[in-house]
Amino acid sequence: MWAYVIRKLVYNIPVYLGIILLTMAALRVRDPVAGYLGKNATQSQIDRLTEDMGLDDPFIVQYGRFLWQIVRFDFSEESWAQPGRSVRSILIDSIPPSMSITLPQVAASAMIAMVIALISAYFRGRLVDRVLVFLAVLGMSISYLVYIVFGQFFGAFLPQHLDLKVQPFAIQGYLPWLTEPRNWLTYCLLPVMIGVIVALGFDTRFYRAVMVEESSRDYIVTATAKGASKPKIMFVHMLKNAMIPIITRIMATLPFLITGSILLEVYFNIPGMGRQLITALVANDFPVIQAFVSVLALLFILSIILTDVLYALVDPRVRLS
Amino acid sequence: MTNRPDTRSRGLQPPEQEVGRGGGFQPRDGRPKAVLEVRRLTTRFRTDDGVVTAVDDVSFDVLAGETLGIVGESGCGKTVTSKSIMRLLPEHIASYGEHSEVRFDGVNILRADSRQMRRIRGDKIAMIFQEPMTSLNPVFTVGWQIDEALRYHTNLSRRERRERTIEMLRLVEIPNPERRIGQYPHQLSGGMRQRVMIAMALCCEPDVLIADEPTTALDVTIQAQILDLMSSLKEKLGTAIMLITHNLGVVAQVCDRVLVMYAGRVIEQGCVREIFHAPQHPYTQALLESIPKHGARRSRTHKLPTIRGIVPSLRHLPAGCRFNDRCTYCQQRCIDEEPELIERGLPRPVRCHFPLNQALASADHAKGER
Amino acid sequence: MIGRFLGSRGWRRFRRGRLAMASLAVIGVYFVAAVAVTLGAVSREDTKMRVGPNRLPGFLERINAEKRYDFNKWYVGELSGVFGRAQRAGDEAAAREMLGAFALAERRMSGAAPSELFPVYETMEKAWGELDDALAMREDLADERFVLRAEAAEQRASGADASATEARLREVEERLSEIRPRVEELYREVERAIEVLLPMPEGLRGLVYRLRIGLGTDSKGASISSQAVYSVKIAFQVGFVTALLAVLIGTILGASAAFFGGWVDHVVLWVVSTLSSIPYLVLMAVFVYVFQAPSLAKWFDNPDRPGLGLVPLYAAFGLTFWIGTCRVIRGEVMKIKELEYVQAATALGFGRFSILLRHIIPNTAHIMFINFSLLFIGAIKSEVILTFLGLGVKGQPSWGIMISHGADGVTNFFFWEVGAATVFMFVLVLAFNIVSDALQDAFDPKHV
Ligand SMILES: Nc1ncnc2c1ncn2[C@@H]1O[C@H](COP(=O)(O)OP(=O)(O)OP(=O)(O)O)[C@@H](O)[C@H]1O
Ligand code: SF4
Ligand SMILES: [Mg+2]
């Protein structure tokens, strides 16, 4: 098992090196310093910033230096757009808010989608199934942004406007969960719910497809021939097999949710990784962009490896080989 | 089968090897009891390109304790027939004819509710499938999967079930069963998995065992072992077996009676001895001719090499006799009208306007009667 | 290749699906709209031009009293501005010219002589002044009634004599009930005057104008329907160009990787796994960021060449989206490569490129079409997201811009802008979703 994990890690090293290479190269295509300082900057200002960042060194030197920074997790340079803050502190501060809306989102959407998919697969071909599938397609056809706009309106704005007794959701903002857990909840709940609803359409279809595929397998016929009841077949035989692709999918969406929540973070003003990245992109905050992309990619790769490991845990065919 | 019948003469040499030896079936008091009666079974599939009738008006009995063989080329509807008997076809695409009946123990299986079905499946009628590689659930241990059948159909305690499972595995000659029950299907070889399937099917001592090409996916030597195993278990447990196969050699070895199917229909049925001795349907004859010499290895892709032409698609069946485009004896009448499956004074029911070997068959039959 | 695709079994199966064919027709309608916009049916000026007051609701929405006041006030204000200038202009001809310059799209100032229009304008002004007074008075009376009622109730409760208060209350209520029809009358007078000064155009122009305000106006008084229709063109540009780009890159790289194997395969696989290890939204955002570099701005951000404004978006989407297609095509070509006729062609000594082009790539047509339609959807949806984040379309209307702009409207209970963009986009995306599902079903029945 450990050998398996290590093999996966080693296999992904060149991929990660490639990401860093591409990121750094892409970000240097446009002159970051000139972009940040604008047209009115003097040559000496440009030169100073360039030198500060070591952007005048040969690319290969910069590459090596940045890799070494990643290895030590040492992003101590100052952010350009937020003077006085190191990239590292921005990064570390933005992780908890992102996680507080990402993790519940993954868990809840996976659960709900799985239940709906099971219902759909159970009534396969019948009216219930067809209605659910069609609803999923409808849901998938609406823009994420529209869900957010109307979600905020109906979830938070309208109750406040009508002065309802229960106002479970805040309109926007974020407070750390450690110090203010109750407020944290009101801030995070609505974005999480919206994210779940958005994810539901695609997830349900995917899980249903997996389950329908599993339910046409030979071992299902064997179980039926043994006299197993339909719920037994669905929940015992099929579900355990379907968990394999489903886990893969859940894990694969994790890093996407980090960014899928970019939109939620920006709209609800939650200071997470996505919002920081977009702020940095808009403000040409080069050190932050570079560090964030590299870290996001690292998280992504780690989650892929984790997926493979989990996969092995569920599937005896992988585990025991 | 060592002997390859002469193709040109319309008479057949009786095979040297004795056929039908595997049967524990001895009709003692005239007519043995039928455990399973299939009447006018018609199975249709709804597909993207319209409805296809995969099994068309098939009737037969499975008698207590006998081994009934069903033979026919790939795609002729053998699997569909057997799955229809257990209602294992996907309900949302398969439907049965309105006069179709599968009677077991006074119940019409095709109309039974799900509780009745659960009681019959696995307990009264069990099934073994063609593909041992995919028929077992990959994420449960084999012990768990055999145990499952016992859980549904017996009141044994956990300990007793475990003992029974081990006993069954021992019965199907799996070495070291105590260790094997903790293993997953992918850790077993194909032959081993098929043995597990057999153990699973027989653990509740069913009245009928349907074996759908249980050996096709296996190595020749393993095939023989599995067949021997099935025959001996049948003797021990008194189960009737419905054996589906391409392999007439297998039929000769283990079956008492045989049903020949072509394009969804029964075209001839009778005792193995009689059919091998004097086939009445040109298709049966062609099938017999295509049996390879003893020992020649047959691959799955190379099933029946000597019948010219191909099996007609169910969507484009020829008018008249369904076999007419491949039949050497085809005449105008065969194209004009489809033959019925009637005896017409023949010893055995045949679906052909111009049956072969009539004299021989009658004599044979008379011998059998005596 | 398209011919072969249209002759295939899968396509015939696809054509039997009624829903899928209907969706295809819907896409056709959108396509026609996009072409019409390109040919000038709706110009960029049309989408910016003021056609009425701000946030005018679309058809069928009842205008409540508060909005009625606001809208009339807007009209009165605009008209007073024009007429004021016209009056100052002095002579008749100059005044006429002043008046003629005012237009809300097809809705123009009446062509009558200024001498005829000035009296109407004056009655309008007068009526509006009275209306303002009447409304103010009504408000005062209503306030007084409120106070009186409370007082009366208090007096009754304390057992004191309430008759004086009640008498006053009755008087106030009487005056209120007198004022109500008066207000209504004044409203109508103002509206009649506006209608005379700014008559609804007749015939075709009238129809066009009604279409323009049919879905309301945005926060700057520009037509929402024009913007929504113009955005169809943008959506097709973004969707079509990026999907085509991505499918082409994906097919060429995927097919070459699978067909030539060796180092080609290694390189392609490395690029694919590298790029797919960056979350796609981040990848896209970074690409847009790179392509919007100041050094490139003189090409892409140039008002002289508006057509090039979307190039950074095309490039970013195309470079992000090809990855999935490449994977699928590579897998498929691996399979096709092993087929007998390809093997035979190889054995017969056909050139490798000709085998690739003649025998292999055409057989992946269905995958290309399915991917094309999926990527089309992906591009349209991503455009909205990136635009909202400030990295997408700029300077011309798009559904993304409409939704982003309309979002504050929603908190003011004005749903028309977001709603129109949503519905327009929803129908197109839904149609594409149905078509790609049906294509998938038809060509790959096993894939559920
Ligand atoms: N699920 C299904 N949907 C549509 N048609 C089917 C389905 N299952 C079987 N058929 C059709 O029914 C016919 C009979 O199939 P069946 O599997 O019974 O053949 P078979 O005799 O068992 O062949 P083999 O020897 O290859 O196992 C085939 O022509 C097949 O096309
Ligand atoms: S009916 Fe005619 S075609 Fe059919 S099997 Fe008999 S002889 Fe051949
Ligand atoms: Mg079969």
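Look a little higher up for the structure.
Residues numbered from 1 in each chain as written. Chains lettered and ligands numbered in written order. Predicted model: local features only at pLDDT ≥ 70, side-chain atom pairs only at ≥ 80, totals over all residues. Heavy atoms only, no water.

Chemist: Could you give me a rundown of the packing of helix α7 (residues 190-202) of chain B against helix α8 (residues 220-237) of chain B, with the residues and numbers involved?
Modeler: All names here are of chain B. At a minimum axis distance of 11 Å, the contact between α7 and α8 shows a crossing angle of 15°. By the angle between their directions, the pair α7 and α8 is classed as roughly parallel. The hand of the α7/α8 crossing is right-handed. On the side of α7, the interface is formed by Gly 191, Gln 194, Arg 195, Ile 198 and Leu 202, while α8 contributes Ile 222, Gln 225, Ile 226, Leu 229, Met 230, Leu 233 and Leu 237. Per-class residue counts for the contact of α7 with α8 are eight nonpolar, three polar and one charged. (Axes fitted to C-alpha atoms, helices over the stretch in contact; angles between N-to-C directions. Helix = DSSP H or I, 4+ residues; strand = E, 2+ residues; numbered from the N terminus. Parallel < 35°, antiparallel > 145°, perpendicular 65-115°, else oblique. Left-handed = near helix turned anticlockwise from the far one by under 90°. Contact = heavy atoms within 4.5 Å. Nonpolar A, V, L, I, M, F, W, Y, C, P; charged D, E, K, R; others polar.)

Chemist: Tell me what's going on with the interface of chain A and chain C, and back it up with residues and numbers.
Modeler: How big an interface is tends to be expressed through the accessible area that disappears when the partners come together. With 49 residues of chain A in contact, the opposing surface of chain C contributes 42 residues. Buried area between chain A and chain C, both sides added, is near 4200 Å², and the carbon and sulfur share of it is 81%. Counting every contact that joins chain A to chain C gives one salt bridge. Note that Asp 437 of chain C and Arg 205 of chain A form a salt bridge whose closest N and O atoms lie 2.6 Å from each other. Elements that contribute at least two residues to the side of chain A that touches chain C include exactly α1 (2-29), α6 (127-140), α7 (144-161), α8 (181-215), α10 (230-268), α11 (273-282) and α12 (286-314) of chain A. Split into classes, the residues belonging to the side of chain A that touches chain C amount to 38 nonpolar, eight polar and three charged. (Buried area = accessible area lost by both parts, 1.4 Å probe. Salt bridge = Lys/Arg side-chain N within 4 Å of Asp/Glu carboxyl O.)

Chemist: Quick rundown of the site of ligand 1? Include the residues and the values.
Modeler: Residue and element names in this part refer to chain B. Near ligand 1 lie 16 residues; those nearest to it are Ser 74, Gly 75, Thr 79, Val 80 and His 246. Gly 77 has a polar backbone atom sitting 3.1 Å from an oxygen atom of ligand 1. If ligand 1 stood free it would expose 630 Å²; the protein chains cover 69% of that surface. Listing elements by their share of the shell around ligand 1, those giving two or more residues are β1 (34-47) and α1 (78-85). A class-by-class count of the residues in the shell around ligand 1 yields six nonpolar, seven polar and three charged. (Near = heavy atom within 4 Å. Polar contact = N/O pair within 3.5 Å; in protein donor to acceptor, adjacent residues only side chain to side chain. Areas by Shrake-Rupley, 256 points an atom, 1.4 Å probe, with all protein chains shown as cover.)

Chemist: Report on α12 of chain A, specifying residues and quantitative values.
Modeler: Between its first and last C-alpha atoms α12 of chain A spans 42 Å; for 29 residues at 1.5 Å apiece the expected length is 42 Å, and the two agree. Across the 29 residues that make up α12 of chain A, a large majority, 21, are buried. (Expected span 1.5 Å × (residues − 1). Buried < 20%, exposed > 50% of the residue type's maximum accessible area, 1.4 Å probe, protein only.)

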